[in-house]
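Fold and contact review
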Amino acid sequence: MGQRIQAVKGTRDLLPPETAVWTAVERAARETFGAYGYSEIRTPILEDTELFVRSVGESTDIVGKEMYTFTDRKGRSLSLRPESTASVARAFVQHGMHNAPLPLKVYYIGPHFRYERPQKGRYRQFHQIGAELLGDAGPQSDGEVILMLVRFLSVLGFEGLVVQLNTVGDEESREAYRKGLLDYLEPQRGALSPDSQRRLTSNPLRILDSKDPADHSLLEGAPQLREFLNSESREHFEAVCGMLDRHGVAYSIESRLVRGLDYYTRTVFEIISEGLGAQDAIVGGGRYDGLIEELGGQPLPGIGFAIGEDRLIDVLPNRFREAAQTTSLVSVTAVPPVPAAEALILAEQLRDENLPILAELADRSLKSALKRAHRAGVKWVVLIGEQEQENGTVAVRDLEQGSQETMPREDLVSYLGGSR
Ligand code: AMP
């Protein structure tokens, strides 16, 4: 016997019946985003490494430590996508989509890869559901994106979620802040973690999302970005807050929230779920007004978010989970000596009437057929015994009620609610 091969560490198989929950969540996303005018985009899982270096940023943990990067047979450096905003922006530039009616609204659903230490809610292959709005800089876009996100989460049955909101300012404000932060940290350089010491030169803002406790206590007294905002950045942020107020969206302003990617400008936000560890956000997003230009396109603003689908499903409200796993299947079974082939004939006729049917494919005793139907979560079992076969009738057993009635075959479709 050969040795068993396991799924790669940090990856997992999604199996039925759990996959029904994933399908239902994705369907809800498609419907909700569709209702805001979003269409699906599918970009490759594999990209030039350079794309992420230039957009997410070389000094971020994602690019510096977590990417699955390899050289292909021609020596090109490729990476499995660690996120998709960069890919969407690349596709936008590559296909000259600035000529399409703007803003462009797209969403994506799919696997992403980061070499992180696997733990609950953290995987090396994880899934994101994300949306991007490209080509509009106004605060209404930030507001609508957040409203859409909140609506999606409430469709899934989440209650009491609070959006954590902050602004990282525009280029000018960030530059001013970079200087302020440097002035504060430089004299204390020796007390910073080695990673943060390096970032002091390459990208001081990244020190703010350090996970090192020593860095944290140093940062307590650090100047805040809010103090360096120019008036445009401040007004934009106030307008976004005003819009959320008007629509009754609960949010809290978190001045330490900067998000671990370089491309963000102005609005950034996260949603944390209590069911997960404190550091585990289920959603992260923000505005990225310089990204398209950075990738060689026209200067065009954008905003979006990414939901961690694995984490979302870990903390999904029970009502949605149960509804997703409830089947509407009807089982059709022939009772020996009637051959199973008879059940298949009836099953196909019922499928013609749009009824979802689980046909019992083998000749089985009534008892074992009923047991199997029960385990499959079936509500009704349609039985064809010898007598029913002769009379042109069927017996329908309601597994929930434990009752059974016999009826002419012609009545079956309307009884089961088919062809609607
Ligand atoms: P980010 O692109 O880092 O803002 O991530 C967006 C969302 O993706 C996060 O809020 C998480 O919910 C999810 N996420 C990121 N990394 C992982 C991971 N390794 N495993 C599971 N979910 C993740």
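In this text, all values refer to a predicted model and were calculated from it rather than measured experimentally.

We now examine the packing of aromatic side chains. Scanning all chains against the criterion turns up 8 aromatic pairs. Their ring planes at 65° and their centres at 5.8 Å tell us that Phe33 and Tyr107 sit as a pair that is edge-to-face. You can see Phe33 sitting in helix H1 (residues 18-34) and its partner Tyr107 sitting in strand E5 (residues 104-113), a full 74 residues away along the chain. Of the two residues examined, Phe33 and Tyr107, each falls in the buried class. Chaining the aromatic ring pairs together yields one cluster made of Phe33, Tyr107, Phe152 and Phe305. Directly above the ring of Tyr123 sits Arg12, whose terminal nitrogen or CZ lies 4.1 Å from the centroid. Sitting over the ring of Trp380, Lys379 keeps its end group 4.7 Å from the ring centre.

Axis separation between helix H2 (residues 49-57) and helix H4 (residues 85-94) bottoms out at 9 Å; the angle between their running directions is 110°. Judged by the inter-axis angle, H2 sits roughly perpendicular to H4. On H4, the residues that touch Leu51, Phe52 and Ser55 of H2 are Ala86, Ser87 and Arg90. A breakdown of the residues in the contact of H2 with H4 according to their chemical character gives 3 nonpolar, 2 polar and 1 charged.

Take the pairing of strand E16 (residues 403-408) next. Within a regular strand, the side chains alternate between the two sheet faces. In the sheet, strand E15 (residues 393-398) pairs with E16 via 6 bridges, with the strands oriented antiparallel. Bridge pairing links Asp398 to Ser403 in E16. Hairpin connection from E15 to E16: 4 residues lie between these consecutive antiparallel strands, with Gly402 at a positive phi of about 75°.

The next point concerns empty space enclosed by the protein. Here the idea is plain: a probe the size of a water molecule rolls over the atoms and shows the empty space left. Inspection of the entire model under this criterion finds 2 cavities of 30 Å³ or more. Here the largest cavity is characterised by a volume of approximately 50 Å³. If you trace the largest cavity, you find it lined by Tyr177, Leu208, Pro223, Gln224, Leu225, Ser255, Arg256 and Val258. Residues of the lining of the largest cavity, tallied by class, amount to 5 nonpolar, 2 polar and 1 charged. Considering the residues around the second largest cavity, the lining is formed by Thr11, Arg12, Gln125, His127 and Asp310. Of the residues contributing to the lining of the second largest cavity, the split by class is no nonpolar, 3 polar and 2 charged.

Near the ligand, the surroundings consist of 15 residues, among which Arg114, Glu116, Tyr123, Arg259 and Ala281 are the closest. At 3.5 Å from a nitrogen atom of the ligand is found a side-chain nitrogen or oxygen belonging to Arg311. Contact with the protein chains covers 92% of the free accessible surface of the ligand, which is 480 Å². Those elements that provide at least two residues to the shell around the ligand are strand E6 (125-134), strand E10 (281-287) and strand E11 (302-308). Broken down by element, the residue count for the shell around the ligand peaks at 4 residues, all from E10. Here the residues of the shell around the ligand sort into 6 nonpolar, 4 polar and 5 charged.

What counts, and where the lines are drawn
- All residue numbers refer to position in the chain's written sequence, counted from 1.
- Given that the model is predicted, a residue must reach a pLDDT of at least 70 before its local features are reported, and side-chain atom pairs must reach 80 or more before they are shown or counted; all residues, however, enter totals for whole chains, interfaces and linings.
- Note that water and hydrogens are dropped before the side-chain values are worked out from all heavy atoms of the structure.
- What counts as a ring pair is set by centres within 6.5 Å for rings of Phe, Tyr and Trp (its six-membered ring), and what kind of pair is set by the plane angle: stacked under 30 degrees, edge-to-face over 60, tilted for all other angles.
- Helix and strand assignments follow DSSP, with helices taken as H or I runs no shorter than four residues and strands as E runs no shorter than two, numbered in order from the N terminus.
- Here the term buried applies to any residue with accessible area under 20% of the maximum for its type, exposed to any over 50%, and partly exposed to those in between, with areas from a 1.4 Å probe on protein chains only.
- For a ring to carry a charge above it, either NZ of a lysine or CZ of an arginine must fall within 6 Å of the ring centroid while also lying within 35 degrees of the normal to the ring plane.
- For helices, the fitted line uses only the C-alpha atoms of the stretch in contact; every axis is such a line through C-alpha atoms, and the angle between N-to-C directions lies from 0 to 180 degrees.
- The scheme is simple: roughly parallel for angles under 35 degrees, roughly antiparallel for over 145, roughly perpendicular for 65 to 115, oblique for anything else.
- The contact criterion used throughout is that any non-hydrogen atoms of two residues lie within 4.5 Å.
- Under the convention adopted here, Pro, Cys and the residues Ala, Val, Leu, Ile, Met, Phe, Trp and Tyr are nonpolar, Asp, Glu, Lys and Arg are charged, and Gly plus all remaining residues are polar.
- A strand pair is defined by DSSP finding two or more bridges across the two strands.
- We place a 1 Å grid over just the protein atoms. Points where a 1.4 Å probe fits but has no way out form a cavity, open points with protein on both sides within 12 Å along at least 5 of 7 lines form a pocket, and any residue with an atom within 4 Å of a point lines it.
- Grid points are joined across faces, edges and corners, and a volume is the space filled by probe spheres set on the points.
- We call a residue near a given molecule or strand whenever any one of its heavy atoms falls within 4 Å of it.
- Any N or O atom pair separated by 3.5 Å or less is treated as a polar contact, with the protein-specific requirement of one donor-capable and one acceptor-capable atom, and with residues adjacent in sequence counted only for side-chain atom pairs.
- In these tables, accessible area is a Shrake-Rupley quantity obtained with a 1.4 Å probe, and a residue counts as shielded only by the protein chains included in the view.

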